[in-house]
Amino acid sequence: DTAVSQTPKYLVTQMGNDKSIKCEQNLGHDTMYWYKQDSKKFLKIMFSYNNKELIINETVPNRFSPKSPDKAHLNLHINSLELGDSAVYFCASSQSRGSQPQHFGDGTRLSIL
Amino acid sequence: QQQVKQSPQSLIVQKGGISIINCAYENTAFDYFPWYQQFPGKGPALLIAIRPDVSEKKEGRFTISFNKSAKQFSLHIMDSQPGDSATYFCAASMRGGADGLTFGKGTHLIIQP
């Protein structure tokens, strides 16, 4: 039974399109995150979301927007996709904010043609 | 500004040997230091974590050593096995911090049979 699941696993699309990635966690956690892993495998936080409060990493373009329909879901919407958006995107969750173990999904590999 | 520096970038160890990966941090507000293991096509998986009130934590073959004054911590893998071949990431976060984990750049570990 997967704790943090993401769909789709692979996403190939054209530049300029709008796409979404879905994330669900069944751990009962209060906080969810989105991370971006670039081609050199560097992992960087994009967003954290806790109890309707969104914290955005200042380097994330406003074309990226997380949306949480409920506590167990945090979806990532990306508008006007650019070549530089190609990466692996990971969703994660933790019991609460701050110094807590985070559990990651298996990622969505986004490729922009 | 890279707040967590990890070395080496890659490491080759013989089966049965000790693998050692080092990390240094800059922000003294960090109070939680996890290590993650990532296999190709998978998300990072929490391996072991430490808080700065202890200098060492051991779980099976994995040990974290922590030096608060030097702002350094390291992962030791004893009796390294081919199945340990993966990318390892150190990370840090702070109590009450809303901006997730700050990761090192990763170490690609290969255990030769």
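Notes on the structure in this doc start here.

## Description of the sheet that holds strand E7 (residues 64–70) of chain A
Residues and elements named next belong to chain A.
Argument step 1. Strand order in this open sheet of 4 strands is E1-E3-E8-E7, and the pairing throughout is antiparallel. Pairing within the sheet leaves two strands with one partner each, and these edge strands are strand E1 (4–7) and E7. The average angle at which neighbouring strand axes cross in this sheet is 20 degrees, direction not considered.
Argument step 2. Bridge analysis of E7 against strand E8 (residues 73–78) gives 5 bridges, and the strand direction is antiparallel.

## Re the pairing of strand E5 (residues 45–50) of chain B
Argument step 1. Relative to E5(B), strand E4 (residues 30–38) of chain B runs antiparallel, the two sharing 5 bridges. Among the inter-strand pairings, Pro34(B) is bridged to a residue of E5(B), identified as Ala49(B).

## Some words on the state of the cysteines
Residue and element names in this part refer to chain B.
Argument step 1. Inspection of the entire model under this criterion finds 2 disulfides over all chains.
Argument step 2. Sulfur-sulfur distance for the disulfide between Cys 23 and Cys 90 comes to 1.8 Å. Across the S-S bond linking Cys 23 and Cys 90, the dihedral sits near -90 degrees, which makes this disulfide left-handed. Note that Cys 23 is positioned in strand E3 (residues 19–25) and Cys 90 in strand E9 (residues 86–94), a separation of 67 residues in sequence.

Criteria and cut-off values
- Residues numbered from 1 in each chain as written.
- Chains lettered and ligands numbered in written order.
- Predicted model: local features only at pLDDT ≥ 70, side-chain atom pairs only at ≥ 80, totals over all residues.
- Heavy atoms only, no water.
- Pairing = 2+ DSSP bridges.
- Helix = DSSP H or I, 4+ residues; strand = E, 2+ residues; numbered from the N terminus.
- Axes fitted to C-alpha atoms, helices over the stretch in contact; angles between N-to-C directions.
- Disulfide = S-S within 2.5 Å.

Read these as geometric descriptors, not functional statements.
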